[in-house]
Structures are given as C-alpha cells and as structure tokens.
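Examining the three-dimensional arrangement
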Amino acid sequence: VVQPPPPMKVPQPTVSKQPPSKARVEWEAFVGGKLLNRIGALALIIGVGFFLKYAFDNNWITESMRVMLGGLTGVALLLLGARFHRKEYHVFAQGLIGAGIAILYLSVYASFNFYNLVSQTAAFILMSIVTLITFFHAFKYDSLAISLLGWAGGYLTPFLLSTGVSNEIGLFTYIDILEAGMLAVVLIRQSWMILELLTLIGTYLTFNLWQSRYYSEDALLLTVPFLTLFWVLFYIADLYRIFSKQQPHPLRQLVNILNAGIFYSYLYALVNPQ
C-alpha cells in the first residue's frame, strides 16, 4: 500500500515586534518618573505644611522651635537628596532637593514676617545664602529645575522681606548682583538659556513695581544709572557670546530685542517729564 505524502506545511509569516517609539518611551519615562516625582515632592511640602500648621495651632512647639524645625527639615532633605543621587536615583533626588530648598525659603520668611525673630537684614542675608545653596546644587546635579527654584527665590526675596519702605539703593544693588549672577550661570550652562529670559522679566518687573509705587522725579539721577546698569549687564553678556563665537539662539535674540526696547521705554518715561 502506498502511503499518501504528508500535507505540506504552509510557512506562516513571521511578525517582528517593533520596539516602542522614542516618543512613547520618553512619555512613559516622564509620567512614571519626572511627573510623579514632582507630584510626590509637592505632596511632601503640603503634608509637612499641614502637620506644622496643626502643631502650631495647638501650641505644641514655640515659634523659635518652629523655624528651627523647618530649617533642619530643609537641610535633611538636601542631604537625603544627595544620598539618593549617589545611588543614581537622580529624578527622585532632585525632587527631595527642590522640596528642601522650598522649605528653607519658607523658614526664613516665617522667621522674619510671621514671628519677627530676625531683622530684615539678617533675613535678607539668609535668603541670599539659600539662593547660593540652590545654584550650588543646580550645578552639582546639572539640574535646570533646581536653578529655576533659585531664580524664583532670588527675585521673590525683596518682596517677601518688604517692610513697605523704599530702599532704592539696597534693592537695585541686590537686583544688579542677582542679575549678574544669573547671566553668569547662563554663560556657563548655555542650555539653560530660558534663565536669561526669566532674568530679564524678573529684573524689569521688579523695577516696574518699585517705580509705580515709590519713584519721584527728584530721584532721577539715582534711578537712571541703576536702570542703565540693568541694560548694560545683558549687553556685556551678549558681547561675551559674540567674541567667544557662541552659536546664536532664538531666545538670545529675543532677549536682546526686549532688553533694548524695555530699557529705552523706561528711560524715556523717566526723562521726558523733565
């Protein structure tokens, strides 16, 4: 008996699994890492705030102890962030550091504005130190997010510590130093160009708020040099880029246009009445 030939097997097409797209991988990393980390840091700050409020309302601790507790908590979070960064949990570490910096700012603000434990000068110095600590960590961990905290804290300091009395020399000397420091940061970290635009906004917004409330015509000869120095510092930064042959950046060109336009507008507004 002749056996029939076995049925022929039809080859099935092989389906190769495509790797997930780069955009999908980046989105998953953002949601699973950075976004949840930022939410966690914010939740930590809110949680600490509610706990402290409850403790304060029930007079569990004195005012001095409240400020000390806030300062120690901020320092502890910075140290904990450094520890996790060494273990290569970089995103989580940056969240802890950001929370620690925010708590340090709040502690200094509370010590001056709520409890009058320190003078305005002392609080000003302490907030400046916190800003320096912030940028130290921003450079150490190469984190734009931390540097943005430093920018915000630096420009909020005069408003948080305001006594309602004009101190033009003190205010604008501080803003000039802060502006120069911010521009130096951007020249070192060219990828952080957004800081330069924010510095421009912060500088002239501070000037506008002061001028609308405190400026008088007899202060012209003092105000114009400060205003001019605001413009000059940005111009020097641009000259440095030209001579060092750095690649042009759209934000840099926008900053140049805004710097010139805003400076001459304020200059005209000050000089024209006289």
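For the structure given in this document, a descriptive report is provided here. (Residues numbered from 1 in each chain as written. Predicted model: local features only at pLDDT ≥ 70, side-chain atom pairs only at ≥ 80, totals over all residues. Heavy atoms only, no water.)

**Observations concerning the layout of surface pockets**
Approximately 560 Å³ is the volume attributed to the largest pocket. Taken together, 18 residues make up the lining of the largest pocket; nearest its centre are Q120, P158, V165, N167 and L171. Looking at the lining of the largest pocket, the element that brings in the most residues is helix 7 (residues 194-214), giving five residues. Taken together, the residues that form the lining of the largest pocket break down as nine nonpolar, eight polar and one charged. (1 Å grid on protein atoms, 1.4 Å probe; cavity = no way out; pocket = protein on both sides within 12 Å on 5 of 7 lines; lining within 4 Å. Points joined across faces, edges and corners; volume = space filled by probe spheres on them. Helix = DSSP H or I, 4+ residues; strand = E, 2+ residues; numbered from the N terminus. Nonpolar A, V, L, I, M, F, W, Y, C, P; charged D, E, K, R; others polar.)

**A closer look at the nonpolar core**
Grouped together as the largest cluster of nonpolar side chains are 48 residues, with contacts concentrated most on I101, F172, Y204, F207, L227, F230 and L270. Sorting the residues of this core by element identifies helix 2 (63-86), helix 3 (90-114), helix 4 (120-140), helix 5 (144-160), helix 6 (168-188), helix 7, helix 8 (220-243) and helix 9 (250-271) as the ones contributing at least two each. Counting residues per element, this core draws most heavily on helix 6, which supplies nine residues. Look past the residues within four positions of L227 in its chain and what remains in contact with it is Y204, F207, F263, Y266, L267 and L270. (Core = buried A, V, L, I, M, F, W, Y, C linked by side-chain atoms within 4.5 Å. Buried < 20%, exposed > 50% of the residue type's maximum accessible area, 1.4 Å probe, protein only. Contact = heavy atoms within 4.5 Å.)

**Observations concerning the side chain of E179**
As for its position among the elements, E179 is in helix 6. In this structure, E179 is buried with no salt-bridge partner, the nearest side chain bearing the opposite charge being R241 at 11 Å. Ignoring any residue separated from it by four or fewer positions in sequence, one finds E179 in contact with Y155, T199, T203, L229, F230, L233 and F234. (Lys, Arg positive; Asp, Glu negative; His and termini not counted. Salt bridge = Lys/Arg side-chain N within 4 Å of Asp/Glu carboxyl O.)

**A few points about the packing of aromatic side chains**
Enumeration according to the criterion identifies 18 aromatic pairs in this entry. Judged by centre distance (4.9 Å) and plane angle (90 degrees), the rings of F84 and F92 are edge-to-face. Looking at F84, the relative accessible area reads 24%, which means it is partly exposed. We classify F92 as partly exposed; its relative accessible area is 41%. Among the aromatic residues, ring-to-ring pairing joins F172, Y204, F207, W210, Y215, F226, F230 and Y266 into one connected group. (Phe/Tyr/Trp six-rings, centres within 6.5 Å; stacked < 30°, edge-to-face > 60°.)

**Section: helix 8**
The terminal C-alpha atoms of helix 8 lie 34 Å apart, and with 24 residues this matches the ideal 34 Å at 1.5 Å per residue to within 8%. All of the buried residues along helix 8 are L220, T223, V224, F226, L227, F230, L233, F234, A237, D238 and R241. Along its buried surface, helix 8 packs onto helix 6, helix 7 and helix 9. (Expected span 1.5 Å × (residues − 1).)

**As for unusual backbone geometry**
Phi is positive for E88, which is not a glycine, with a value near 70 degrees. A relative accessible area of 63% places E88 in the exposed class. The backbone of D142 sits at a positive phi, close to 50 degrees, despite the residue not being glycine. Relative to the elements of secondary structure, D142 occurs in the loop between helix 4 and helix 5.

**A short note on the side chain of T223**
The residue T223 is located in helix 8 in this model. Within the structure, T223 has its side chain in polar contact with the side chain of E168 (distance 2.7 Å). Those residues in contact with T223, other than ones at most four positions away along the chain, are E168, F207, W210, Y215 and L270. (Polar contact = N/O pair within 3.5 Å; in protein donor to acceptor, adjacent residues only side chain to side chain.)

**Describing the pattern of salt bridges**
The full count for this structure, using the stated rule, is three salt bridges. Of the charged contacts, one joins E196 and R241 as a salt bridge, the two residues approaching to 2.3 Å between their closest N and O atoms. Here E196, found in helix 7, pairs with R241, found in helix 8; they are 45 residues apart in sequence, far enough to count as distant. Taken as a pair, E196 and R241 share a single burial class, namely buried.

**What about the environment of F114?**
Inspection of the secondary structure puts F114 in helix 3. The spacing of F114 and E63 is 51 residues in sequence and 9.2 Å in space, taken between C-alpha atoms.

**Quick word on the environment of V67**
Tracing the backbone shows V67 in helix 2. A relative accessible area of 18% means that V67 is categorised as buried. Spatially, the C-alpha atoms of V67 and F112 are 10.0 Å apart, while their sequence positions differ by 45 residues. Residues contacting V67, with those up to four places away along its chain left out, are S107, S111, Y115 and L117.

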